[in-house]
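Examination of the molecular architecture
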Amino acid sequence: MKTLQFLSYIGLALSCALVPVSCAKNGASSGSEYTTSTIQRGSIEKTVSSSGTIEPVSSVSVLAQMSGVVEKVLVDYNDRVTKGQTLAVLNTDMLRLQETEQKASVAKAKANYELQLLNYQNQTKLAEKGLISDYDLKSAKTSLDVLEAELSSADAALAVIETEINQYAYI
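Remember, predicted model here, so these are calculated numbers, not experimental data.

1. Some details on the side chain of Q123
Of note, Q123 is situated in helix α1 (residues 93-128). Excluding residues within four positions of it along the chain, Q123 makes contact with I132, D136, L137 and A140.

In structure tokens form, the structure reads like this:
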């Protein structure tokens, strides 16, 4: 057999093959006979197959700042997410009740502070006139300082609950 030739043209596979076939008469070669084929148009395909497990390029664990009942899940497994995107929302019903309770505590602490402030101002005026002892004035000032600290503490606790509602409940 002689040679087989292939031709290609701009992504199309065109082939024309001339296959010489030898004819023999009594063991002698008498010439060549050729077989021709028609040119056909077709597509070239390249297939790659593999076996194994597909692993992600990178993986990130997401941990919530607080725990609770998940109310909404906004993404699905293998979804592409971006920085700042909300993935899930926790139920905030109990936090809302705690917020209401803490607002009442702040109002109570503020009222007690304002009452003690008025008492301290009155005690200061009486001390200037020498009508009360230094101990009574110092006691009124200490009570005022304690109530001021309680008011600050109640405000901070309210801020914590509001932060949990507005930030940490959204993962």
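Now that the structure has been shown, the text picks up again.
2. Description of the confidence of the model for the protein
In this model, the protein carries an average pLDDT of 80, and 80% of its residues clear a pLDDT of 70 or more. Contacts from residues 1-28, a stretch scored under 50 in pLDDT, to residues over four places away or in other chains number 46 contacts.

3. Digging into the packing of aromatic side chains
Scanning the entire structure with this criterion turns up 0 aromatic pairs. For the cation-ring pair, K141 lies above Y120, with the distance from its terminal atom to the ring centre recorded as 5.7 Å.

4. Considering the nonpolar core
With 8 residues, the main nonpolar core is built from V106, A109, Y113, L144, L147, L151, A154 and L158. Looking at this core, the elements that each hand over two or more residues are α1 and α2 (134-168). Per element, the largest residue contribution to this core is 5 residues, and it comes from α2. Leave out the neighbours within four places in its chain, and A109 touches E150, L151 and A154.

Cut-off values and rules
Residues numbered from 1 in each chain as written. Predicted model: local features only at pLDDT ≥ 70, side-chain atom pairs only at ≥ 80, totals over all residues. Heavy atoms only, no water. Helix = DSSP H or I, 4+ residues; strand = E, 2+ residues; numbered from the N terminus. Contact = heavy atoms within 4.5 Å. pLDDT = per-residue confidence, 0-100. Phe/Tyr/Trp six-rings, centres within 6.5 Å; stacked < 30°, edge-to-face > 60°. Lys NZ or Arg CZ within 6 Å of the ring centre and 35° of its normal. Core = buried A, V, L, I, M, F, W, Y, C linked by side-chain atoms within 4.5 Å. Buried < 20%, exposed > 50% of the residue type's maximum accessible area, 1.4 Å probe, protein only.

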